[in-house]
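# Breakdown of the fold
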Amino acid sequence: MTASSTDRDVRSSEPLDAVPVRHPGRWVAVAVLAVLAAMFVHTVLTNDNFRWNVVGTYLFSAPVLNGLSNTLLLTVISMVIGIVGGILLAVMRLSPNPILSSVAALYIWVFRGTPLIAQLLFWNFLSALYPRLALGIPFGPEFISFDTNLLINQFAACLLGLGLNEAAYMAEIVRGGIQSVDHGQTEAAGALGMSRAQTLRRIVLPQAMRVIIPPTGNETISMLKTTSLVVVIGYFELLTSVQRIYSVNFQTIPLLIVAAAWYLALTSVLSVGQGFVERRFGRGVQSGPPGPTLLRWRPAT
Amino acid sequence: MSTPMVEAIGIHKRFGSTEVLRGVDFVVQPGEVACVVGPSGSGKSTMLRCINHLERIDSGRLRVDGHLIGYREAGGKLHEMRESEIAKQRRDIGMVFQRFNLFPHKTALENVMEAPLVVRRSARAAARKQAEELLDRVGLADRMTNYPAQLSGGQQQRVAIARALAMSPRLMLFDEPTSALDPELVGEVLDVMRGLARDGMTMIVVTHEMGFAREVGDSLVFMDEGRIVEAGAPREVLSNPREERTKAFLSKVL
């Protein structure tokens with residue numbers, strides 16, 4: 001057999017000098033996308049109906065920023081209630097105590113099984129059911145009592161509705177995370193003399209976080225937009241604010257663009273944050289959050 | 001005679017309808033290295049897991065250092081122990097698993113420090129110093145800041161041994177510690193165990209390493225179908241098995 005011409009110097013340990021595979025399909029795709037992008041940019045810039053000047057006027061206007069801060073506040077507090085409540089419910093659900101487990105199951109059943117709008121309205125109109133709320137001995141004397149409408153104002157009703165509903169969904173996410181951790185971890189911790197609570201806090205939950213974080217990111221981003229439902233009980237946030245403005249000046253499209261731009265900005269910040277948290281809890285495990293090769297926003301490690 | 005370290009009398013254990021242990025009796029004295037061999041499914045791992053109450057026995061009596069495991073005797077009756085009491089008993093019993101079960105989110109050093117910090121509430125500096133000494137003892141002084149995923153199987157198992165030793169147990173249980181290892185890594189783990197035996201640690205070792213059993217073991221137990229078929233000095237049992245089932249098993253593995 002004759003040695004081919006590429007066999008010269010094969011032992012020289014030089015990097016292989018091979019012609020890479022061509023990807024003509026990618027170039028075609030790039031060309032098509034480039035034309036589409038050009039068309040899009042062109043129409044966005046030339047179609048006066050976008051009214052970019054109106055977008056600019058309202059992007060940082062007081063009512064929009066006001067709505068934005070409400071959106072943020074509702075999202076953050078509701079998610080805190082949801083995550084803390086979810087962890088609590090998941091632990092209860094997985095408890096060997098049949099009463100705790102059943103109570104958690106019942107909670108999840110009720111709060112996932114009824115519409116969020118109904119729950120928001122329920123908390124808002126709680127005073128129709130119980131005009132006063134009191135602390136005291138069951139069936140005995142009361143120590144203090146409150147007017148329900150003062151105790152649960154609109155803002156509190158929003159938080160109760162959004163937070164308690166979210167807790168039911170988070171409970172299932174956390175439960176899935178806890179159950180994904182190898183049982184050998186619990187056994188090893190138990191064999192070292194760690195209690196159930198210590199094992200959960202120090203060993204199981206930190207490992208479950210890897211599985212819990214991506215869907216929690218989903219929930220947070222979803223919550224950002226779900227907060228707009230508070231309009232049903234007369235509260236306002238970002239989307240409600242722009243709706244109020246365009247219902248007066250009829251600049252519907254520009255104001256929707258204002259809202260969309262803010263939602264996109266917040267979602268982007270959240271995605272970056274999620275990446276950081278994922279890497280924090282990915283210690284000891286090689287796989288981090290995957291990123292598409294073109295849109296890589298984190299340095300390669 | 002001193003109190004036996006482990007005393008098992010008539011242990012029965014069933015999982016659903018299968019009876020895994022059918023009346024197991026044995027005694028392990030302080031400082032003894034007891035090896036347990038037998039075909040898979042013979043109940044030897046279950047027996048080991050009963051000793052630190054990872055499995056609950058269905059009948060019989062199991063004592064470690066004179067104390068019933070998982071139960072209290074009071075007023076002529078047995079009372080189940082609380083979870084916290086069981087946890088307390090387990091502190092004195094170290095366990096090494098076939099699949100290491102290291103905590104993957106913690107470094108080798110943190111794995112060894114975990115139980116002293118959390119269970120015994122040791123000061124961080126003291127726990128760290130002890131963990132460094134233990135990792136040095138198992139030959140991993142240069143691997144302390146590595147995560148388990150960055151260690152070979154043999155290194156992981158040695159970290160697991162150091163982790164168990166960190167609670168200063170009086171008894172060490174080994175559940176097939178070398179069965180998940182590549183052949184060339186078995187030696188390093190057995191060396192560490194040999195060192196432990198030399199230092200006088202009481203050990204119960206479920207293993208397939210007949211060479212180790214013969215060389216290090218003080219006693220050898222052969223189990224099959226949930227019963228102890230034959231027990232005695234390792235050389236005796238391995239060289240001149242009396243029972244047919246022992247002969248049949250040994251002829252397959254030796």
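Report follows, based on the coordinates. (Residues numbered from 1 in each chain as written. Chains lettered and ligands numbered in written order. Predicted model: local features only at pLDDT ≥ 70, side-chain atom pairs only at ≥ 80, totals over all residues. Heavy atoms only, no water.)

## Let's talk about the interface of chain B and chain A
With 27 residues of chain B in contact, the opposing surface of chain A contributes 21 residues. Where chain B abuts chain A, roughly 2,100 Å² becomes buried across the two surfaces, and 55% of that area is made up of carbon and sulfur atoms. In terms of surface lost to chain A, no three residues of chain B exceed Phe 103, His 105 and Val 118 of chain B, which account for 26% of the buried area on that side. Seen at the junction of chain B and chain A, the total is 2 salt bridges. For Glu 114 of chain B, the salt bridge goes to Arg 202 of chain A, with nearest N and O atoms at 2.7 Å. Joining chain B to chain A, the criterion identifies 7 residue pairs in polar contact (both at pLDDT 80 or more). Residue assignment for the side of chain B that touches chain A shows that the elements contributing at least two residues are helix H2 (83-90), strand S8 (93-96), helix H3 (108-118) and helix H5 (153-165) of chain B. Of the residues contributing to the side of chain B that touches chain A, the split by class is 15 nonpolar, 3 polar and 9 charged. (Contact = heavy atoms within 4.5 Å. Buried area = accessible area lost by both parts, 1.4 Å probe. Salt bridge = Lys/Arg side-chain N within 4 Å of Asp/Glu carboxyl O. Polar contact = N/O pair within 3.5 Å; in protein donor to acceptor, adjacent residues only side chain to side chain. Helix = DSSP H or I, 4+ residues; strand = E, 2+ residues; numbered from the N terminus. Nonpolar A, V, L, I, M, F, W, Y, C, P; charged D, E, K, R; others polar.)

## A few points about the sheet that holds strand S2 (residues 18-28) of chain B
Residue and element names in this part refer to chain B. One open sheet holds the 4 strands; their spatial order is S2-S1-S4-S5, and the pairing between them is antiparallel. Two strands bound the open sheet, and with one partner strand each, they are S2 and strand S5 (67-68). Both strand S1 (residues 6-15) and S2 contribute to a ladder of 8 bridges, which runs antiparallel. By the bridge assignment for S2, Lys 13 is matched with Leu 21. This element, helix H1 (residues 44-51), spans S1, S2 and strand S4 (59-64) of the sheet and lies at about 60° to S2. (Pairing = 2+ DSSP bridges. Axes fitted to C-alpha atoms, helices over the stretch in contact; angles between N-to-C directions.)

## Concerning the layout of surface pockets
The calculated volume of the largest pocket comes to roughly 920 Å³. Lining the largest pocket are 30 residues, and of these Pro 96, His 183, Thr 186 and Arg 196 of chain A together with Glu 83 of chain B lie nearest its centre. Residue assignment for the lining of the largest pocket shows that the elements contributing at least two residues are helix H8 (154-180), helix H9 (183-191) and helix H10 (196-226) of chain A together with H2 of chain B. Of all the elements, H10 of chain A adds the most residues to the lining of the largest pocket, at 5 residues. Partitioning the lining of the largest pocket into residue classes produces 13 nonpolar, 9 polar and 8 charged. Considered as a void within the structure, the second largest pocket measures approximately 430 Å³ in volume. Here the lining of the second largest pocket is composed, by residue class, of 11 nonpolar, 6 polar and 4 charged. (1 Å grid on protein atoms, 1.4 Å probe; cavity = no way out; pocket = protein on both sides within 12 Å on 5 of 7 lines; lining within 4 Å. Points joined across faces, edges and corners; volume = space filled by probe spheres on them.)

## Describing the environment of Gly 234 of chain A
Residue and element names in this part refer to chain A. With respect to the helices, strands and loops of the structure, Gly 234 is situated in the loop between H10 and helix H11 (238-249). The partly exposed category is assigned to Gly 234, whose relative accessible area is 43%. Placed 210 residues apart in sequence, Gly 234 and Pro 24 show a C-alpha to C-alpha distance of 56 Å. With sequence-adjacent residues up to four places away left out, Gly 234 is seen in contact with Gln 154 and Arg 244. (Buried < 20%, exposed > 50% of the residue type's maximum accessible area, 1.4 Å probe, protein only.)

## Comments concerning the packing of aromatic side chains
Residues and elements named next belong to chain A. Applying the stated criterion across every chain yields a total of 7 aromatic pairs over all chains. Between Tyr 235 and Phe 236, the ring centres sit 5.8 Å apart and the planes meet at 40°, which makes this aromatic pair tilted. Looking at Tyr 235, the relative accessible area reads 14%, which means it is buried. Sitting over the ring of Phe 276, Arg 279 keeps its end group 5.3 Å from the ring centre. Sitting over the ring of Phe 281, Arg 280 keeps its end group 5.6 Å from the ring centre. (Phe/Tyr/Trp six-rings, centres within 6.5 Å; stacked < 30°, edge-to-face > 60°. Lys NZ or Arg CZ within 6 Å of the ring centre and 35° of its normal.)

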